[in-house]
Amino acid sequence: TIDGQKMSKTLGNVISPEQLVEKYGVDGTRYVLLAAFPFGEDGDFSWGLFDRLYNADLANGLGNLVARVAKLCEQNAIEATLGSNVWCADLEKYMGEFKFNEAINVIWQLIAEADKKINEEKPWELKGEKLTEVLNGLVKRIQAIDYNLQPFLPETSEKILKQFTGKIKSQPPLFPRLR
């Protein structure tokens, strides 16, 4: 449905995949569809809901985390070693049950924990060995998030992997904020 009304060509309220991809990009579209509706079930489509999910989770959540940590690492010449390729246990469980929206929630909990770590540690106020330790820990967290994101956001995951391999540099936003 769309805004509570059944989608229909006759009513002219059908949303094409091309419209979604044009607005949110391929990975953004994958994300909002999987996050908004339980897999295999009907859902009520709303541009407002999709815009909120995109801005809150992708632009402000994942995108902001990656940008903040990359900028701090670039300013402090942090280089990334290979990250861990370990699935979160809960993610694996939900994937096996085709509960993709629940699996995504697990990843977004990891993002929230990384944001909390940044706010607690305040790396912009640190210097020396403590700063390096905190930034290396955040890089490892982003690499773990990235690994677990691969099935959902493969293009974005590839960008994050490149950005957090070797010398870390700031890049354009992964998901520009929608207005």
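Report follows, based on the coordinates. On a predicted model such as this, the values are computed, not experimentally measured, just so you know. (Residues numbered from 1 in each chain as written. Predicted model: local features only at pLDDT ≥ 70, side-chain atom pairs only at ≥ 80, totals over all residues. Heavy atoms only, no water.)

## Quick word on the packing of aromatic side chains
Geometrically, a pair of aromatic rings is defined through the distance of the ring centres and the angle of the planes.
Stage number 1. All chains considered together, the criterion is met by 12 aromatic pairs.
Stage number 2. Relative to Trp47, the ring of Tyr24 has its centre 6.1 Å away and its plane inclined at 25°; by these criteria the two rings are stacked. Of this pair, Tyr24 sits in helix H1 (residues 17-36) while Trp47 is found in helix H2 (residues 47-75), placing the two residues 23 residues apart along the sequence.
Stage number 3. Relative accessible area serves as the criterion here: at 3%, Tyr24 is assigned to the buried category.
Stage number 4. Judged by centre distance (5.8 Å) and plane angle (85°), the ring pair of Tyr54 and Phe175 falls under edge-to-face. One end of the pair, Tyr54, is in helix H2; the other, Phe175, is in the segment after strand E2 (166-167), with 121 residues separating them in the sequence.
Stage number 5. For Tyr54, a relative accessible area of 4% corresponds to the buried category. (Phe/Tyr/Trp six-rings, centres within 6.5 Å; stacked < 30°, edge-to-face > 60°. Helix = DSSP H or I, 4+ residues; strand = E, 2+ residues; numbered from the N terminus. Buried < 20%, exposed > 50% of the residue type's maximum accessible area, 1.4 Å probe, protein only.)

## Let's talk about the environment of Ala59
Stage number 1. Mapped onto the elements of the fold, Ala59 is located in helix H2.
Stage number 2. Considered as a pair, Ala59 and Leu174 are 115 residues apart in the sequence and their alpha carbons are 7.2 Å apart.
Stage number 3. What Ala59 contacts, discounting residues up to four positions off in sequence, is Tyr54, Asn64, Phe175, Pro176 and Arg177. (Contact = heavy atoms within 4.5 Å.)

## So, the pattern of salt bridges
Stage number 1. Going through the model one piece at a time under the given rule, you end up with 8 salt bridges.
Stage number 2. Residues Asp115 and Arg68 are paired through a salt bridge, measuring 4.0 Å at the closest nitrogen-oxygen approach. Here Asp115, found in helix H4 (residues 100-121), pairs with Arg68, found in helix H2; they are 47 residues apart in sequence, far enough to count as distant.
Stage number 3. You can call Asp115 buried: its relative accessible area is 18%.
Stage number 4. With a closest N to O distance of 3.8 Å, Glu120 and Lys116 form a salt bridge. Placement of both Glu120 and Lys116 in helix H4 is noted, with a separation of 4 residues, approximately one turn of the helix. (Salt bridge = Lys/Arg side-chain N within 4 Å of Asp/Glu carboxyl O.)

Function cannot be inferred from these measures alone, as they are strictly geometric.
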